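A look at the structure
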Amino acid sequence: MRKKRQGVTEKLTFEREMLALGAKYIAGVDEVGRGPLAGPVVCAAVILPLEEENLIEGVDDSKKVSEKERERLALLIKERAIAYSICEVGHEKIDEINILEATKLCMRQAVESLSVQPDVVFIDGNFKIKTDLPQQSIVKGDSLSYSIGAASILAKVHRDALMREWDKAYPQYGFSRNKGYGTQEHIEGLREYGPCKIHRQTFIKKLLGETENDGRRNF
């Protein structure tokens, strides 16, 4: 138990620096779904209480946490959060403006959707978003910042649930297992059946070849 608590407090370095400067509400922001061939990019923003008695043990980069544990933690994060929001930017917008710009847009929407305005925003990555709020970019922030780690869990649980629902409509791609990423099963499904309406055309055109996929979705 002591080791787990220590692990959480070690992820508060950035938060404590801002608290010392007078910040009260710190929003962690992260995305899930930049790499998949299908589905939206999902971003979450969350403001959590940072008093030691309110810390949630186990919060970490969502990729380091099991699916069952992520779902448990997501419920706790939502329960204890001062404010949180989860936003999606779909495949069509990703194709229109590219995945990096879609991610920035999604992050901005998540921050703007918070019911409580943060004093500072922590962004996972090495880029900035369009906001008048003070922001700090943190490379590998989902592993280094408690607030960003919590956001990564919310985004991951939300997106995984979306892809399980899409799997019911399009089972031939294995979305419930690969979550839209380019696994062998997914690619084989694409080559056999062609793309469906949630595939990102800019991501699959090189994979399938321009002559094989002319930008039209088969269903």
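Up top is the structure.
This section reports on the structure supplied with the text. (Residues numbered from 1 in each chain as written. Predicted model: local features only at pLDDT ≥ 70, side-chain atom pairs only at ≥ 80, totals over all residues. Heavy atoms only, no water.)

What follows deals with the side chain of Asp-30. Summarising the element assignment, Asp-30 is placed in strand E1 (residues 26-32). Lys-63 provides the closest opposite charge to the buried, unpaired Asp-30, separated from it by 6.1 Å. The residues touching Asp-30, leaving out its near neighbours within four places in the chain, are Val-42, Cys-43, Ala-44, Met-107, Asp-124, Asp-142, Ile-148, Ala-151, Ser-152 and Ala-155. (Helix = DSSP H or I, 4+ residues; strand = E, 2+ residues; numbered from the N terminus. Buried < 20%, exposed > 50% of the residue type's maximum accessible area, 1.4 Å probe, protein only. Lys, Arg positive; Asp, Glu negative; His and termini not counted. Salt bridge = Lys/Arg side-chain N within 4 Å of Asp/Glu carboxyl O. Contact = heavy atoms within 4.5 Å.)

A few words on the sheet that holds strand E5 (residues 135-138). Here 5 strands make up an open sheet; going across it, the order is E3-E2-E1-E4-E5 and the pairing mixed. Each edge of the open sheet is held by one strand with a lone partner, namely strand E3 (83-89) and E5. Pairs of neighbouring strands in the sheet enclose a mean axial angle of 20°, with direction left out of account. In the sheet, E1 pairs with strand E2 (residues 41-47) via 6 bridges, with the strands oriented antiparallel. (Pairing = 2+ DSSP bridges. Axes fitted to C-alpha atoms, helices over the stretch in contact; angles between N-to-C directions.)

Take the pairing of strand E4 (residues 120-124) next. Extensive coverage of E4 is indicated by the burial of 5 of its 5 residues. Burial of the side chains of E4 extends over both faces: Val-120, Phe-122 and Asp-124 are buried on one face and Val-121 and Ile-123 on the other. Pairing analysis gives 4 bridges linking E1 to E4, with the strands arranged parallel. From the neighbouring strand, Ile-26 faces E4, where its bridge partner is Val-120. Two elements, E4 and E5, share 4 bridges in a ladder whose sense is parallel. By the bridge assignment, Asp-124 is partnered in E5 with Ile-138.

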